[in-house]
Amino acid sequence: MKITLDNFFNEKESILASEKGLKEIYEKLEEATKKISNVVNHAALVGILGKADKENIQGEEVMKLDELSNDWLIESLKSSKYCAGVASEEMETFIAFDQSDNDEAQYIVLFDPLDGSSNIDTCSAIGTIFSIYKRISKGKLELADFLQKGNDILSAGYVIYGSSTILVYSMGNGSHAFTLDQKENEYLLSHEHIQTPAYTPILSINFGYYNIYEKSVIDFCHWCLDADKSSKHPFTQRYIGSMVADIHRNLLKGGIFIYPATTESPNGKLRLQYECNPLSFIQKQAGGKYTNGSHDILEIEPTELHQRVPIALGSSDLVDKYISFK
Ligand code: AHG
């Protein structure tokens, strides 16, 4: 039997009885990500590959598809009476929608419209990552609404545009995946209650930065690569360079993804609110672990919108082992 996101919400997500607006927010996310999926699939044919000739707030090159995805997500979410505003990795500050003064506009959405965009032109998997919070302000939206910690997330997820388009989400009751049926243009349940194995010998890290990692990271990598057959060593190395794709593989198969601090970037590269918090939330619900090396990522109080944080996440035993090297 085909189970749509809507069927699943009605049957399994009791949180929707009290958080009614969440369902409409998801309808808007579905709408935008289906459009993104469609254009990603035809990107080379519709003149949408390549750079947009501008940089984002973090000084990174913006791709045309980054911009389009950002615009579509904003446009869709703006049309929900429940969504008070959004913040995006691609924009300097948050946007408060016209309806933000209304009592029903209780939710805000943070997103990375197209993670891994440097992979767009070469047809590798990329994705949209999002998190939904309840606003804390009354009346006018405030920056503080967007600086809530990961443990305050009401729901988070991502859509991976790969060999299939898959939406993975959690409302705090497990992580579930829905595959986009291209013919029906409908997300259908494909993985219920994903559980990440506690130990799988897969290491995802960019070895190009080997010389600028701190000693504990290098020591952990050596531990993974040691030829100790009793614990399935040496590990396999898998690194796509698109976090959502690396995390999706590890979520299903197990393994550890690490983007640590380097001597050049003491806070790493990845953004706390747009990437690390939502993906840690999903990983937690799948029985995995996550850390910045010393603290629980989801407990970090953000101080700015585009905060970066070192991260390791994935199989629980591997994250514990990683922390033991610190
Ligand atoms: P971008 O969206 O600018 O391509 O960045 C992608 C992010 C993340 O998805 C990935 O894990 C990481 O950057 C890869 O960075 P490195 O190339 O430095 O390894």
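Residues numbered from 1 in each chain as written. Predicted model: local features only at pLDDT ≥ 70, side-chain atom pairs only at ≥ 80, totals over all residues. Heavy atoms only, no water.

Helix and strand counts for the chain come out as 7 helices and 15 strands. Since a compact globule built from 326 residues should have a radius of gyration of about 20 Å, the 19 Å found for the chain is in line with a globular shape. If you line up the chain on its principal axes, its C-alpha atoms span 60 × 45 × 45 Å. Long-range pairs, those at least 24 residues apart, make up 65% of the contacts in the chain between residues at least 6 apart in sequence. Within the chain, the 46 negative side-chain charges are centred at a point lying 4 Å from the centre of the 31 positive side-chain charges. (Helix = DSSP H or I, 4+ residues; strand = E, 2+ residues; numbered from the N terminus. Rg over C-alpha atoms; globule rule 2.2 N^0.38 Å. Contact = heavy atoms within 4.5 Å. Lys, Arg positive; Asp, Glu negative; His and termini not counted. Charge placed at Lys NZ, Arg CZ, Asp CG, Glu CD.)

For the rest of this paragraph, the subject is the site of the ligand. As a matter of local geometry, the ligand sits amid 14 residues, with Asn-206, Tyr-209, Tyr-239, Met-243 and Tyr-259 nearest to it. The backbone of Met-243 places a nitrogen or oxygen atom 2.7 Å from an oxygen atom of the ligand. Lys-269 has a polar side-chain atom sitting 2.8 Å from an oxygen atom of the ligand. Relative to its free-state accessible area of 470 Å², the ligand is covered by the protein chains to the extent of 86%. Per-class residue counts for the shell around the ligand are 6 nonpolar, 6 polar and 2 charged. (Near = heavy atom within 4 Å. Polar contact = N/O pair within 3.5 Å; in protein donor to acceptor, adjacent residues only side chain to side chain. Areas by Shrake-Rupley, 256 points an atom, 1.4 Å probe, with all protein chains shown as cover. Nonpolar A, V, L, I, M, F, W, Y, C, P; charged D, E, K, R; others polar.)

Looking at soluble globular proteins, one finds that nonpolar side chains tend to be buried together. Core analysis: the largest hydrophobic core is formed by 42 residues, its most contacted members being Phe-146, Tyr-158, Val-168, Met-243, Phe-257, Ile-311 and Leu-313. For this core, the element with the most residues is helix α6 (residues 272-285), which contributes 6 residues. Each of domain 1 (5-191) and domain 2 (202-324) accounts for three or more of the residues forming this core. Excluding residues that lie within four positions of it along the chain, Met-243 makes contacts with Asp-115, Phe-257, Leu-270, Glu-275, Leu-279, Ile-311 and Leu-313. Core analysis: the next-biggest nonpolar cluster, separate from the first, contains 41 residues, Leu-16, Leu-29, Phe-97 and Tyr-161 among them. (Core = buried A, V, L, I, M, F, W, Y, C linked by side-chain atoms within 4.5 Å. Buried < 20%, exposed > 50% of the residue type's maximum accessible area, 1.4 Å probe, protein only. Domains from an automatic or database assignment.)

The next thing to look at is the environment of Met-63. Structurally, Met-63 can be placed in strand β2 (residues 61-63). Classification of Met-63 as buried rests on a relative accessible area of 8%. For Met-63 and Asp-121, which are 58 residues apart along the polypeptide, the C-alpha to C-alpha distance reads 9.3 Å.

Quick look at the sheet that holds strand β14 (residues 289-291) now. Here we have 5 strands laid out as an open sheet, ordered β12-β11-β13-β15-β14, and mixed in their pairing. Each having just a single partner strand, β12 (236-237) and β14 make up the two edges of the open sheet. Both β14 and strand β15 (residues 311-314) contribute to a ladder of 3 bridges, which runs antiparallel. Bridge pairing in β15 links Tyr-290 to Leu-313. Here helix α5 (residues 243-253) sits on the sheet in contact with β11 (202-204), β13 (256-259) and β15, set at roughly 165 degrees to β11. (Pairing = 2+ DSSP bridges. Axes fitted to C-alpha atoms, helices over the stretch in contact; angles between N-to-C directions.)

Interpretation in functional terms is not warranted from these geometric data alone.
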